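Structural features, examined
This is what each chain is made of:
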Amino acid sequence: MTLSPQPLGRLAIIGWPVSHSRSPLIHNYWLAAQGQSARYEAYPIDPQDDFRAALLDMAAAGFIGANVTVPHKEAAFAAMDEVSAAAQNLGAVNTISFQNGRLIGDNTDGDGFLAGLQTVTPNQDWQKTPALILGAGGAARAIIAALGRAGVPDIRLVNRTRAKAEALSDLAAHINIGDWQDRDGLAEGCGLLINTTSLGMAGQPPLNMVVQGLQKNALVSDIVYTPLHTPLLRAAQAGGFICVDGLGMLLNQAALSFEIWTGTRPDITPELRGLLLADLDEKD
Ligand code: NAP
């Protein structure tokens, strides 16, 4: 006898705009794999609206969970009744659970990023991996905090606007701020290089970066995924470094959210990655 799964309520990604999001594709794949009839929807909320009131309307309409994307992660944090330590540390929420009229917030961005790296190098000793991070926006915040939790001993951080990097100094221990124009030299001896800027994204200038100074076998990660094969990853591949593309973070932060709502960590299958690549009009 096959048991039907416990029925779930509705799920959504909240943003403004939100129609471009790949989250419905990912979560609906997992819902279907579990035999769930529940759907995951794109749910726009106007930044002019009362955000908490909009969330309470969602709870009343049968939603049990939601992801949150730009520009609402900080507003979501402010609207919660309770938040996880990761969300508290960042002042931002990307995962909401609606529980008996209460709004519970979490943030899976940083751990999702790290899980994406660990898929590629499961035995990496983060405590022996100096890292250079380019950028100091919302994604960088989550990534820096996660690297700090993992014990990265030297987090070198550069951003075009240096003051924004300096504002992140307390997110983790051992953060060293450098100047944007010194990034090539700061890569010297690093075992991990991460681009969190929007450089290299379609419609943006490429990221100019010399990767040769990195440790042999260093990991190079670009969280930009439109396009997937960014100029940085192409240069890293040519240099023989280990590359992690932007789908690593996208898929793993989603898997951690799905686990929060359902109690089950879903599989990131080659089939799912293939569906995303097709949707992005990309090839592996
Ligand atoms: P954000 O908060 O707007 O931050 C943008 C960052 O890019 C800032 O550090 C900004 O520097 C820098 N930047 C922009 N234009 C630049 C330029 N011409 N030269 C140098 N630096 C420049 O954005 P975000 O939310 O962190 O997202 C950043 C990128 O990551 C986007 O491409 C986004 O699509 C991608 N992303 C991917 C995932 C994933 O799951 N793979 C998740 C989140 C975000 P300033 O501070 O000087 O402006």
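Structure report, in brief. (Residues numbered from 1 in each chain as written. Predicted model: local features only at pLDDT ≥ 70, side-chain atom pairs only at ≥ 80, totals over all residues. Heavy atoms only, no water.)

What follows covers the side chain of Asn-252. Within the secondary structure, Asn-252 sits in helix H10 (residues 247-262). A polar atom in the side chain of Asn-252 sits 2.7 Å from the backbone oxygen of Gly-248. Residues within four places of Asn-252 in sequence aside, it is in contact with Gly-112, Ala-115, Gly-116, Thr-119 and Ile-268. (Helix = DSSP H or I, 4+ residues; strand = E, 2+ residues; numbered from the N terminus. Polar contact = N/O pair within 3.5 Å; in protein donor to acceptor, adjacent residues only side chain to side chain. Contact = heavy atoms within 4.5 Å.)

What follows concerns the pattern of salt bridges. Within this structure, the stated rule accounts for 13 salt bridges. For Arg-52, the salt bridge identified is with Asp-81, shortest N-O distance 3.3 Å. Placement of Arg-52 in helix H2 (residues 51-60) and of Asp-81 in the loop between helix H3 (73-79) and strand E4 (82-83) is noted, with a sequence separation of 29 residues between them. You can call Arg-52 partly exposed: its relative accessible area is 31%. Overall, the relative accessible area of 33% leaves Asp-81 in the partly exposed class. Of the charged contacts in the structure, one is a salt bridge between Asp-109 and Lys-73, with a shortest N-O distance of 2.8 Å. One end of the pair, Asp-109, is in helix H5 (residues 109-120); the other, Lys-73, is in helix H3, with 36 residues separating them in the sequence. (Salt bridge = Lys/Arg side-chain N within 4 Å of Asp/Glu carboxyl O. Buried < 20%, exposed > 50% of the residue type's maximum accessible area, 1.4 Å probe, protein only.)

This part takes up the sheet that holds strand E10 (residues 192-195). Spatial ordering of the open sheet is given by E9-E8-E7-E10-E11-E12, a layout of 6 strands whose pairing is parallel. Looking at strand neighbours, the two that pair on one side only are strand E9 (175-179) and strand E12 (242-244), the edges of this open sheet. Averaged over neighbouring strand pairs, the angle between their axes works out to 20 degrees when direction is ignored. Inspection of the sheet shows strand E7 (residues 131-134) paired to E10 by 4 bridges, in the parallel sense. Across the sheet, the residue bridging to Leu-132 is Leu-193, located in E10. The strands that helix H9 (residues 231-238) touches are E10, strand E11 (219-222) and E12; relative to E11, the one it contacts most, it runs at about 165 degrees. (Pairing = 2+ DSSP bridges. Axes fitted to C-alpha atoms, helices over the stretch in contact; angles between N-to-C directions.)

This part covers the packing of H5 against H10. Axis separation between H5 and H10 bottoms out at 7 Å; the angle between their running directions is 120 degrees. With respect to H10, the element H5 is oriented oblique. H5 and H10 meet at a crossing whose hand is right-handed. Residues Asp-109, Asp-111, Gly-112, Phe-113, Ala-115, Gly-116 and Thr-119 of H5 form the contact with H10, whose participating residues are Gly-248, Met-249, Asn-252, Gln-253 and Leu-256. (Parallel < 35°, antiparallel > 145°, perpendicular 65-115°, else oblique. Left-handed = near helix turned anticlockwise from the far one by under 90°.)

Moving on to the sheet that holds strand E3 (residues 63-68). Strands sit in the order E2-E1-E3-E5-E6-E4 across an open sheet of 6 strands; the sheet is mixed. Edge strands, defined here as strands with exactly one partner in the open sheet, are strand E2 (40-44) and E4. For strand E5 (residues 95-99) and strand E6 (residues 102-106), the ladder comprises 5 bridges, and the chain directions are antiparallel. Residue pairing in the sheet places Phe-98 in a bridge with Leu-103 of E6. Contacts between helix H1 (residues 23-33) and the sheet are confined to strand E1 (10-15), E2 and E3, with E2 contributing the most and set at about 155 degrees to the helix.

Okay, the layout of surface pockets next. Of the volumes computed, that of the largest pocket is approximately 1,500 Å³. If you go around the largest pocket, you meet 49 residues; those closest to its centre are Val-70, Gly-138, Ala-139, Thr-196 and Ile-223. Among the elements of the structure, H1, E3, H3, helix H6 (138-150) and H10 are those that each provide at least two residues to the lining of the largest pocket. Residue composition of the lining of the largest pocket, grouped by class: 21 nonpolar, 21 polar and 7 charged. The space that makes up the second largest pocket amounts to roughly 280 Å³. Lining the second largest pocket are Gly-116, Thr-119, Val-120, Cys-243, Val-244, Asp-245, Leu-247, Gly-248, Leu-251, Asn-252, Ile-268 and Arg-273. (1 Å grid on protein atoms, 1.4 Å probe; cavity = no way out; pocket = protein on both sides within 12 Å on 5 of 7 lines; lining within 4 Å. Points joined across faces, edges and corners; volume = space filled by probe spheres on them. Nonpolar A, V, L, I, M, F, W, Y, C, P; charged D, E, K, R; others polar.)

For the rest of this paragraph, the subject is H10. The terminal C-alpha atoms of H10 lie 22 Å apart, and with 16 residues this matches the ideal 22 Å at 1.5 Å per residue to within 8%. Most of H10 sits inside the fold, with 13 of its 16 residues counted as buried. Phi for Gly-263, located one or two positions after H10, is positive at around 80 degrees. (Expected span 1.5 Å × (residues − 1).)

These figures come from the coordinates and say nothing about function on their own.
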